[in-house]
Structures are given as C-alpha cells and as structure tokens.
Amino acid sequence: MADIQHLQKVASQVRRDIIRQTHLAASGHPGGSLGCTDFFTALYFEIMEHDPSFNMDGNNEDMFFLSNGHISPVFYSVLAHSGYFPKDELSTFRKIDSRLQGHPATHEGLPGIRVASGSLGQGISVAIGVALAKKMNGDDKTVFVLTGDGELQEGQIWEAAMFAPHHKVDNLILTVDWNGQQIDGPTKAVMALGDLEAKFKAFGWDVMHMEGNDMEAVVAGLNEAKSRTGKGKPICILMKTEMGYGVDFMQGTHKWHGKATNAEQTENALSQLEETLGDYAA
Amino acid sequence: MLAAKNKSMLDQLINTGNKSTRDGFGAGLLEVGRQNSEVVALCADLIGSLKMQAFIDEYPDRFFQIGIAEANMMGIASGLAIAGKIPYTGTFANFSTGRVYDQIRQSIAYSHKNVKICASHAGLTLGEDGATHQILEDMGMMKMLPGMCVINPCDYNQTKAATIAIADHHGPVYLRFGRPGWPNFTPADQKFEIGKALLLSEGADVTIFSTGHLVWKTIEAAKALAEEGVSVELINIHTIKPLDEAAILASAKKTGCVVTAEEHQMNGGLGDSVAQVLARQLPTPIEYVAVNDSFGESGKPADLLDKYGLSTQHVIDAAKRAIARK
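Residues numbered from 1 in each chain as written. Chains lettered and ligands numbered in written order. Predicted model: local features only at pLDDT ≥ 70, side-chain atom pairs only at ≥ 80, totals over all residues.

J.: I'd love a proper account of the packing of helix α1 (residues 4–25) of chain A against helix α9 (residues 215–227) of chain A, names of residues and values included.
T.: Residue and element names in this part refer to chain A. In contact at an axis separation of 10 Å, α1 and α9 are set at 110° when each is read in the N-to-C sense. On the basis of the axis angle, α1 is roughly perpendicular to α9. Across from Ile4, Leu7, Gln8 and Ala11 in α1, the residues of α9 making contact are Met215, Glu216 and Val219. Along the lines of polarity and charge, the residues of the contact of α1 with α9 split into five nonpolar, one polar and one charged. (Axes fitted to C-alpha atoms, helices over the stretch in contact; angles between N-to-C directions. Helix = DSSP H or I, 4+ residues; strand = E, 2+ residues; numbered from the N terminus. Parallel < 35°, antiparallel > 145°, perpendicular 65-115°, else oblique. Contact = placed C-beta atoms within 7 Å. Nonpolar A, V, L, I, M, F, W, Y, C, P; charged D, E, K, R; others polar.)

J.: Explain the interface of chain A and chain B to me, using residue names and the numbers behind them.
T.: Size of an interface: often given as the accessible area lost when the parts come together. Taken together, the 25 residues of chain A in the interface contact 22 residues of chain B. With nine residues, the single largest contributor to the side of chain A that touches chain B is helix α5 (residues 123–136) of chain A. Taken together, the residues of the side of chain A that touches chain B break down into 12 nonpolar, nine polar and four charged.

J.: Lay out unusual backbone geometry with the relevant residues and their values.
T.: In this structure, the amide linkage connecting Lys241 of chain B to the following residue, Pro242 of chain B, adopts the cis form with an omega of 0°. Along the chain, Pro242 of chain B falls in the loop between β12 (239–241) and α11 (245–255). Positive phi, normally seen in glycine, also occurs at Phe54 of chain A, with a value near 60°. Along the chain, the position of Phe54 of chain A falls in the loop between α3 (37–47) and β1 (63–66). Unusually for a residue other than glycine, His121 of chain B sits at a positive phi of about 60°. Looking at where His121 of chain B falls in the secondary structure, it is placed in the loop between β5 (116–120) and α8 (138–143). Among the residues examined, His121 of chain B registers 27 C-beta atoms within 10 Å and is labelled buried. (Buried ≥ 20, exposed ≤ 12 C-beta atoms within 10 Å, placed from the backbone.)

J.: Now, about the confidence of the model for chain B: what can you tell me, with residues and values included?
T.: For chain B, the average pLDDT comes to 97, and 100% of its residues sit at 70 or higher. Here the complex is predicted with pTM 0.97, and the ipTM for its interfaces comes to 0.97. (pLDDT = per-residue confidence, 0-100.)

J.: Please set out the domain arrangement of chain B residue by residue, giving values where relevant.
T.: Residue and element names in this part refer to chain B. Taken domain by domain, chain B holds domain 1 (2–16 + 192–324) and domain 2 (18–183). Here domain 1 and domain 2 have C-alpha centroids that lie 25 Å from each other. Domain 1 puts 33 residues into the contact, and the matching count from domain 2 is 30 residues. When residues of the side of domain 1 that touches domain 2 are traced back to their parent elements, those giving at least two are α10 (214–227), β12, β13 (258–265) and α13 (301–307). Its residues assigned to classes, the side of domain 1 that touches domain 2 shows 13 nonpolar, 16 polar and four charged. (Domains from an automatic or database assignment.)

J.: Which residues make up the nonpolar core, and what values do they have?
T.: Soluble globular proteins tend to pack their nonpolar side chains together in the buried interior. One finds Ile128 of chain A together with Ala319 of chain B to be the most contacted residues of the largest nonpolar core, which totals 185 residues. When residues of this core are sorted by domain, at least three fall in each of domain 1 (2–16 + 192–324) and domain 2 (18–183) of chain B. When near neighbours in sequence (up to four residues on either side) are disregarded, Ala319 of chain B contacts Val206, Ile208, Ala221, Leu225, Val230, Val232 and Val259 of chain B. (Core = buried A, V, L, I, M, F, W, Y, C linked by C-beta atoms within 7 Å.)

J.: Would you mind going over the pairing of strand β6 (residues 206–211) of chain A in detail, with residue names and values included?
T.: Residue and element names in this part refer to chain A. Here β6 pairs with strand β7 (residues 235–240) via six bridges, running parallel. Opposite Met208, over in β7, you have Ile237 as the bridge partner. In this fold, the crossover linking β6 to β7 by way of α9 has right-handed handedness. (Pairing = 2+ DSSP bridges. Right-handed = clockwise from strand over helix to strand, strands pointing away.)

J.: Describe the packing of helix α2 (residues 21–35) of chain B against helix α9 (residues 156–165) of chain B, with residues and values.
T.: All names here are of chain B. Running from N to C, α2 and α9 cross one another at 35°; their axes reach a closest spacing of 7 Å. For the crossing formed where α2 meets α9, the hand is right-handed. On the side of α2, the interface is formed by Thr21, Asp23, Gly24, Phe25, Ala27, Gly28, Leu29, Glu31 and Val32, while α9 contributes Tyr156, Asn157, Thr159, Lys160, Ala161, Thr163 and Ile164. (Left-handed = near helix turned anticlockwise from the far one by under 90°.)

Laid out in structure tokens, this is it:
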C-alpha cells in the first residue's frame, strides 16, 4: 500500500523547490510544474521501478519521458530527491555552466534525462521508440510520457497517436496534463482541443481519466493504468490538474506559466508549503 | 612523369555499369543488418524507393513501417537509439531534413542519439518530380548541426560501403544518396573511412574536390582536360563533415587553385566548407560547380545538370577559370 501521507510530504518539498528554483533564476515555468507535482511524485516515489545510478538505455527499468520540457523544475526536483544527482545542484537551475538547463537536455550529462525536450510535440514519438525497443529486448517494463494539453496542438502528436495503436505499443502510458491553460490563455480560447477522450479513443487508445492534484487518485490512477498495459492498446490518461496548484495566488491561471515569483511572492508561496525533506542550499 | 601518372590513374576510373546509389544503400543495409543485430530500419512509406525490401524480407521484426509521418519517424528513431538500437531511417532527402529539421535538431543531434538518417532522391537528378522534391539545401542544414556527420557517397559501391561503415560510428549521421542509375567505378571491396578524402588521380595544375554524383562528372572533365595537357588532381570528399582539412590543404598547396563540385546549392555545400578551410589557412583561388541560389524543375537528369551548371563541360570551364586566377 502506498504511503499517501509520505508522498504528500515529498510533493510539498518538490513544490518548494519549484518556487525556489524559478525565483532564484528569475525565470522558468512554475505554473505547470506545480500542477504536475503530484503526478511526478507518485511516479518517481511509488509507481516506477527505476535506478537512480542511471543507465541511459534503461533496460529492465520503467522509464519516463517529459515532452513538455518547460516544466523542468518539477522534473529536476524529483530526480534530485530520488538520488539521481545532489539536491544542492538545484541551485544552479538556468545558470551558466549548469547541468540543469532551462529545458531538459542530455548535453551536459545530467543523470535522469534521456532526451532533450522543450520544442513541443516530440516526446510521445521518442517514448514509442523506447517502448518498441523494450519489446524487441524482451523487457516487460513500462514507458511513461507526459505532454501538456496545449502541446496537443502540434501535428507530430497525432502522427504518434496514430502509430502507437496500429503497432500495438501497449507498454506505453501517455499522460496529458489537462490544465486547460497555455501561454496565451485558456486552451478553449487559443485553440480548442475538443473532445480529447473521443479523439484518443478514435485513434485506438485505451483512455482513462484521473484527478491530478489528489495524491490518492494519482496513485490509484497510475496503478490502474499499469494494470491495463500488455493488452494490445497504448494507454492515455487525461489528467485534470490546476496550473499553479498548491499556492493560492498562482492557482488556476495561465499567468504563472512562464513567470517566476518575486521576493515577496516567494515568501508568501513558501509559507503555504511545508518544508518536509529539507530545502536545498541556495 | 606526373602527367603519365595522372593519365594512368584516370584510366583506371572506369564505369563498370550504371547502378543507383539507392541500390547501394539497400545492399549495404542488408549487409550491415547481417553483421550487427542491433541495426533496425524505419521507413516512411517509401520501401521500394529506398530499396529496403531485402532487409525487411530477412529481418521483418527489425523493421518499422511508420507511414507518411516523418517527424514521428525521427522521434521513434531517437527512442530506439536510447534503448541501444542502431536505427536507420529511410525516406527522400527532402523529407529527411527540411521537413523534420527541428525533430533532428532536438531529439537526435542535441541529444547525441545514434541515428542514421538515410536520404535518397537528393538533388536535381531526381528528375521529373521537380523542385518540390529536388532538395539542394540538405547538406547545408545537416552540417550546421553540431555533432552531425554528413556523408554524400558517389556511386553504388561507395554508398554500400558507407552504409555499412556508419553503424560503427557512434553518433548521428546524415547519409545522402540519389535516385538514377549512375556510373559505378569505385572498388566493390573498398573499406569506407568516414572523414578520409579519397585521392582519385594525382595532378599538378588544379585540384577538383567533388562529392556525390558529381564525382563522375569531374572524372570525365579530368580525362578531357588531360587530353589538353591539363593535369587535374581529383579528390573525392565523400564526408562533408568531419572534413578532411589536411587533404584539402595539402592538395591546394600543391596545385595552387581549386574547384569544388556538388549536386547542391553553392550556399552551404561542400564548396563553402572547402572555402572556409582555405580562407583561414591557405587563401587559394576557388571556383564552384554548384546550383547558384535557385530551385530546380522537372526534366531528365542530364538536361537538368546541363541547365543548372553541373555538367562535365561546366567542370572543365571552372577548372580553366581557376587555373587562370593562379
């Protein structure tokens, strides 16, 4: 049984890290990062079998790919707390000579990152390639990939969406961060996504819904998704989240998509988030 | 002495029969598939054009039909490489580069993935399909990407050898070849060395550096020039990047003038790469045989090469212009 309380404590620390990283860098993307914190925490601290000593090929491990690379602060925080690299390195986020690039990259050799992302729409294809290789290698582990919802406006997404069911890539779990927001405003106003459940079903995916800011629901949802692997269809989780979740003044708006908090706002945000695992040294 | 050697080397460059470079790729893919079980192939609905069927027949489980979705193909190739496979992607050069530049840039080049981007139907010699498909900018785009190896072999045998050799090069490779039957003259048993220029004939008056289909045109030109008493040093630069700078500098120093020849735009092609080396280290008169800031059009390959300045006669004229500038 998952220790939900412990996972919530980890998530609180991850949220603090997101606020502190972006504040210190005076840039970055806190909104989507906060919204996906519960998902990342559940994935890395409960769901996936993974090895923080890090092998690029990930053989016989569950593997995760972040397609919407701009929410790197949450990715870096869970990787650090999982032991992929020292947590104090989070203080170098977006600074010169850092391994923690604005968007995730392999170029500087940061353990835990397997492909660069940031230019949107590419992650599902990469995850499919890894999932195909796992099948060829007789590796029964699962490949996870996260995309934004605005990101679904990219054409390559639908190329990948067509491929995975046709080739029965059923060791793949795609999660869509369905927060309804993108840089220019609500997705409904910018470019409506329509009926996502019907769209993915029509492409041949096994579609689930999940509440993304309820730790118990996230753990249950991801376990349920895992149980549906190996049945001939790729799995798509439409995960409802709130951008900025966990900090009252950042919640439910696109305004914090790509903007860091100032000193006063940082203090306010941190006062709402319990320090549970110890802050990294700034 | 040198003139005799020049002639004897040129005499050995004989067309053993026309074969397409894409057929060389198909043969090489099958061979490298037999040699290395990690080699896998992907194709975006052009199996016949890319000559991939023999590989598929022998290794159906190591082949992925992607459909007409080149962006997805590049991403999947990146993923296969992450897990230790050596993916070879196959589609036309146009759809292997410009169409998917950002996918190659982020998911393959910047991410250091061991993907072999195999691109057929490059250049004007694609022929009747016209300018929508005749990409002449692809080598420029690919060579600008940090860490990308760019290879443009000249005939069937060299393409086959290159296809096999790139499996042992860890990192992204752009392998460019073409559609038409073309003179096959390099040895069938050659070992392809990435980044190593190939001396085809020694000469004293001018050096011609050439790549891809145009190599044969430069051989024809060198033979004609030899009849006029002009001794051409003929060097095949099959690897545009990394460039064999030492070979370029040594020959330019020896002959004192240079021609480059390629089935590509002048901007961004082999000529640019050679000129950069010479401008920095050994300023030397240089003339270009390349397409000059223009798209192509429909037509027969030979007619297109004539019209766009890539014929044997154009090589001869360029060599004379270069010599006159010494």
